[in-house]
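Architecture and fold: a report
So the chains spell out like this:
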Amino acid sequence: MRVARLPMYSLPEMAAARAAFWDRLRAGLGTKDVPDHISPSSGILPETITPNTLFSQMCGYPLLRFYAGQYRHLGTPLYDLPGCGMGADGVPTHCSFIVVRKDAAFATIGDLRGRRFVMNGRDSNSGMNLPRALFAPLAEGRAFFSEVIVSGAHVASMATVAAGHADAAAIDCVTYGFCALYRPEAVAGLRIIAETPVSPAIPFITATATPPDIVAALTQGLAAMPPDDGLRVTEILPPRPEAYEAILALEEGAAALGYPDLI
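Residues numbered from 1 in each chain as written. Predicted model: local features only at pLDDT ≥ 70, side-chain atom pairs only at ≥ 80, totals over all residues. Heavy atoms only, no water.

So, the packing of aromatic side chains
Scanning all chains against the criterion turns up 15 aromatic pairs. Their ring planes at 35° and their centres at 5.1 Å tell us that F135 and F144 sit as a pair that is tilted. Residue class for F135 comes out buried when judged on its relative accessible area of 0%. Here F144 falls in the buried class, since its relative accessible area comes to 1%. When the centroid spacing of 5.0 Å and the interplanar angle of 75° are considered together, the rings of F135 and F145 count as edge-to-face. Linking F135 in helix 3 (residues 125–139) with F145 in the loop between helix 3 and strand 8 (147–150), this pair joins segments that are ten residues apart in sequence. In this structure, F135 and F145 share a single accessibility class: buried. Cluster of aromatic residues (ring-pair linked, three or more members): Y9, Y79, F178 and Y182. (Phe/Tyr/Trp six-rings, centres within 6.5 Å; stacked < 30°, edge-to-face > 60°. Buried < 20%, exposed > 50% of the residue type's maximum accessible area, 1.4 Å probe, protein only. Helix = DSSP H or I, 4+ residues; strand = E, 2+ residues; numbered from the N terminus.)

Re the nonpolar core
F21 and F55 are the most contacted members of the largest nonpolar core, which has 42 residues in total. No other element matches helix 5 (residues 173–182), which puts five residues into this core. One finds Y61, Y67, I98 and A136 within the second-largest nonpolar core, a separate group that totals 38 residues. (Core = buried A, V, L, I, M, F, W, Y, C linked by side-chain atoms within 4.5 Å.)

Some thoughts on the pattern of salt bridges
Side chains carrying opposite charge are able to pair once their charged atoms draw close together. Scanning the entire structure with this criterion turns up eleven salt bridges. Note that R26 and D36 form a salt bridge whose closest N and O atoms lie 2.9 Å from each other. Taken together, the positions of R26 in helix 1 (residues 15–26) and D36 in the loop between helix 1 and strand 2 (53–57) put the pair ten residues apart, joining distant regions of the chain. For R26, a relative accessible area of 17% corresponds to the buried category. Accessibility expressed as a relative area gives 46% for D36, which makes it partly exposed. The shortest N-O distance in the salt bridge between R65 and E251 comes to 2.3 Å. With R65 in helix 2 (residues 60–66) and E251 in helix 8 (residues 245–256), the pair connects residues that are 186 residues apart, well separated along the chain. Residue R65 is classed as partly exposed on the basis of its relative accessible area, which comes to 40%. (Salt bridge = Lys/Arg side-chain N within 4 Å of Asp/Glu carboxyl O.)

Points about unusual backbone geometry
Phi at E140 takes a positive value of approximately 55°, unusual for a residue other than glycine. In this model, R232 sits at a positive phi of 60°, which is unusual for a non-glycine residue. Along the chain, R232 falls in the loop between helix 7 (212–223) and strand 13 (233–237). On the accessibility criterion, R232 (28% relative accessible area) is partly exposed.

Notes on the side chain of D172
Of note, D172 is situated in strand 9 (residues 168–172). A polar atom in the side chain of D172 sits 2.9 Å from the side chain of Y9. Contact partners of D172, with chain neighbours within four places excluded, come to Y9, H94, C95, S96, S126, H154 and I202. (Polar contact = N/O pair within 3.5 Å; in protein donor to acceptor, adjacent residues only side chain to side chain. Contact = heavy atoms within 4.5 Å.)

So, the sheet that holds strand 3 (residues 71–79)
The five strands are arranged 1-2-12-3-13 in an open sheet whose pairing can be described as mixed. If you trace the sheet from one side to the other, it starts and ends with strand 1 (3–4) and strand 13, each paired once. In this structure, strand 3 lies alongside strand 12 (residues 204–207), joined through four bridges in antiparallel fashion. By the bridge assignment for strand 12, R72 is matched with T206. The sheet strands contacting helix 7 are strand 2, strand 3, strand 12 and strand 13, and the helix crosses strand 3 at an angle near 5°. (Pairing = 2+ DSSP bridges. Axes fitted to C-alpha atoms, helices over the stretch in contact; angles between N-to-C directions.)

Remarks on the packing of helix 4 (residues 154–162) against helix 5
Two elements in contact, helix 4 and helix 5, have axes whose closest approach is 10 Å; the angle formed by their N-to-C orientations is 70°. Judged on the interaxial angle alone, helix 5 and helix 4 are roughly perpendicular. Of the residues in helix 5, those in contact with H154, V155 and M158 of helix 4 are T175, Y176 and C179. Of the residues in the contact of helix 4 with helix 5, the class split is four nonpolar, two polar and no charged. (Parallel < 35°, antiparallel > 145°, perpendicular 65-115°, else oblique. Nonpolar A, V, L, I, M, F, W, Y, C, P; charged D, E, K, R; others polar.)

Some points on the side chain of R26
A distance of 2.9 Å separates a polar atom in the side chain of R26 from a polar atom in the side chain of D36. Non-local contacts of R26, meaning those with residues more than four positions away in its chain, are made with V34, P35 and D36.

Some points on the pairing of strand 6 (residues 96–101)
Most of strand 6 sits inside the fold, with six of its six residues counted as buried. Bridge count for strand 6 against strand 9 is four bridges, and the pairing is antiparallel. Pairing of V99 across the sheet is with A169, part of strand 9. Alignment of strand 6 against strand 10 (residues 190–195), held across five bridges, turns out to be antiparallel. Looking at strand 10, one finds that I98 is bridged to A194.

Quick look at the structure:
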């Protein structure tokens, strides 16, 4: 049986909205080998994108770095949340917010030199790659932070900063926006001091083994989806895989400045 998952932005409070989204999409696919429900997701990157993956959403950095040839783009959502927008090439974008404690004295990212930084994972575009591009010009080829902690999730990174166990974090603006809506207490003790460069928003994908007629139905169904208030999706744009090369260009730019690792 094929599986459908929405592992990104998967706060438990949004389960009903995710289920409703899938119900609308699957209605145009027929019933043959199409799952009735969105499957639970651990939030941990899989070893591979398995051939039975009918529908999912995955961060652009690991897609390019680890899963080449294993997936097809289906479309890119435009979110109605702060930090999201539309690129000049017509591809929806997102960024990360650099957050600190609300009562911290930091005013600019330069003030974070020698401080403790927390990120959700070293394979994350929003937690690692985008802030690496932001801090690279300031690092001057040296370690910028005194310590970099890996939390495992953006929500955990926010809690780590709020509790004073780290001084700053990079939080995907969509995650931050959903927490502001559904868990205002999670952002109440935080303050945004900067935004990273933007990159294409996290795309919807399917496995390369998915038959072409189903790929076409999924792509058309996503493009025809009405605005979704529950998921804050304004529209879903057609697939533009080439746009995601910009994510690796940010990595290459940081390396050229002598800052290949976020340290």
